Amino acid sequence: MNQDDLKRAVAVAAIEYVPFDCIVGVGTGSTANFFIDELAKIRHKIRGAVASSEASAKRLKGHGIEVLSLNDAGDLQVYVDGADEITRHLHMIKGGGGALTREKIVAAASRKFICLCDESKLVDVLGKFPLPIEVIPMARSSVARQLVLLGGQPALREGYTTDNGNLILDVHGLQIMNPVELESTLDHIAGVVTNGLFARRGADVLLLGTSAGVKTMTV
């Protein structure tokens, strides 16, 4: 099975976690796209979706799924999304697609977070994948200096602006031994909107695509 086959397999498995007549929180990225395509097959069984990005909203609407704002939807029963890295503790790095702020908001508003990954994303220590940090444009340089003091090597994501009109610094060279602590530290840097560590509110269930089938992991 290639990587797309693994992503498709976990997307199919995730449908079992979607309650009848609910509003579904939907993430962003290639794995989330496979989930959206599967969700379209049961669109008559759900009330709609809350999207974590403009790109996901467009794909949902293209399948005839109603897209609601989080303000209108209220608390969600389930949020389904991928990750760039995830540990066995279900702590994650997210934001490779640039939607980390909206993803974190929708995840926080959801009772259950189902993470979909292929086995290449499972790691013992987070940090090989550069940690995305969304920053207010005027604070780019000052935030970058703080990140260097924390041992990171920040690089501006060139030519990219988030759906919120901000910039992203991708931080290389980190070995994140305590993701909960680092997530809190980064959030307290003036000018940081959100960082891509999802540790304080990690996933509740990991559906991991492997050559031996889909494995279910919880904490």
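Look above for the structure.
Note that the structure is predicted; figures quoted are calculated from it, not measured.

A. View of the overall build of the chain. Check the secondary structure of the chain and you find seven helices and 13 strands. For the chain, whose C-alpha radius of gyration is 17 Å, the value lies close to the compact-globule estimate of 17 Å for 219 residues. Viewed in the frame of its principal axes, the chain has a C-alpha envelope of about 50 × 40 × 30 Å. When each of the 219 residues of the chain is scored for burial, the buried share is 53%. Of the contacts formed within the chain by residues at least 6 apart in sequence, a portion of 71% connects residues at least 24 apart. A total accessible area of about 10200 Å² is found for the chain, and carbon and sulfur atoms account for 50% of it. Between the mean site of the 23 positive side-chain charges and the mean site of the 25 negative ones, the chain shows a separation of 2 Å.

B. Main features of the packing of aromatic side chains. Counted according to the given criterion, the structure contains one aromatic pair. In this structure, Lys 94 is placed above the aromatic ring of Phe 198, and the distance from its NZ or CZ to the ring centre is 5.4 Å. Against the face of Tyr 160 rests Arg 157, its NZ or CZ located 5.5 Å from the ring centre.

C. Representation of the sheet that holds strand β10 (residues 192–195) within the structure. With antiparallel pairing, the four strands of this open sheet are ordered in space as β8-β9-β7-β10. Either end of the sheet is taken by a strand with one partner, and the two such strands are β8 (153–156) and β10. Put simply, the sheet's adjacent strands are angled 30 degrees from each other on average, direction ignored. In the sheet, strand β7 (residues 131–135) pairs with strand β9 (residues 167–172) via five bridges, with the strands oriented antiparallel. Each bridged residue has a counterpart across the sheet, and for Leu 131 the counterpart in β9 is Val 171.

D. Representation of the state of the cysteines. Across all of its chains, the model carries zero disulfides by this definition. Cysteine Cys 22 shares no disulfide, and the gap to the nearest cysteine sulfur, in Cys 115, comes to 18 Å. No disulfide involves Cys 115; its sulfur sits 3.7 Å from the nearest other cysteine sulfur, which is in Cys 117.

E. Looking closely at the pairing of strand β3 (residues 76–82). Counting buried positions over the seven residues of β3 gives six, a clear majority of the element. Where strand β1 (residues 23–26) and β3 come together, three bridges link them in parallel fashion. Paired with Val 26 across the two strands is Val 80, which belongs to β3.

F. Seen up close, the environment of Leu 197. For Leu 197, the location among the structural elements is in strand β11 (residues 197–198). When sequence neighbours within four positions are dropped, the list of residues in contact with Leu 197 reads Met 92, Ile 93, Lys 104, Leu 126, Leu 131, Ile 176, Pro 179, Leu 182, Glu 183 and Leu 186.

G. Representation of a nonpolar patch on the surface. Side chains of Ile 136, Met 138 and Val 193 sit close together on the surface and give an oily, nonpolar patch of about 310 Å² of accessible area. Within the secondary structure, Met 138 sits in the loop between β7 and α6 (140–149).

H. Representation of the environment of Gly 48 in the model. Along the polypeptide, Gly 48 turns up in strand β2 (residues 48–51). The spatial distance from the C-alpha of Gly 48 to the C-alpha of Glu 85 is 28 Å, given a sequence separation of 37 residues.

I. Quick peek at the side chain of Thr 162. Structurally, Thr 162 is set in the loop between β8 and β9. For Thr 162, a relative accessible area of 6% puts it in the buried group. A distance of 2.9 Å separates a polar atom in the side chain of Thr 162 from a polar atom in the side chain of Glu 134. Thr 162 has contacts with Gly 98, Glu 134, Leu 167 and Ile 168, leaving out every residue within four places of it along the chain.

Cut-offs applied
- Residues numbered from 1 in each chain as written.
- Predicted model: local features only at pLDDT ≥ 70, side-chain atom pairs only at ≥ 80, totals over all residues.
- Heavy atoms only, no water.
- Helix = DSSP H or I, 4+ residues; strand = E, 2+ residues; numbered from the N terminus.
- Rg over C-alpha atoms; globule rule 2.2 N^0.38 Å.
- Buried < 20%, exposed > 50% of the residue type's maximum accessible area, 1.4 Å probe, protein only.
- Contact = heavy atoms within 4.5 Å.
- Areas by Shrake-Rupley, 256 points an atom, 1.4 Å probe, with all protein chains shown as cover.
- Lys, Arg positive; Asp, Glu negative; His and termini not counted.
- Charge placed at Lys NZ, Arg CZ, Asp CG, Glu CD.
- Phe/Tyr/Trp six-rings, centres within 6.5 Å; stacked < 30°, edge-to-face > 60°.
- Lys NZ or Arg CZ within 6 Å of the ring centre and 35° of its normal.
- Pairing = 2+ DSSP bridges.
- Axes fitted to C-alpha atoms, helices over the stretch in contact; angles between N-to-C directions.
- Disulfide = S-S within 2.5 Å.
- Patch = residues over 30% accessible without salt bridge, like charges linked within 9 Å, V, L, I, M, F, W, Y side chains within 5 Å.
- Salt bridge = Lys/Arg side-chain N within 4 Å of Asp/Glu carboxyl O.
- Polar contact = N/O pair within 3.5 Å; in protein donor to acceptor, adjacent residues only side chain to side chain.

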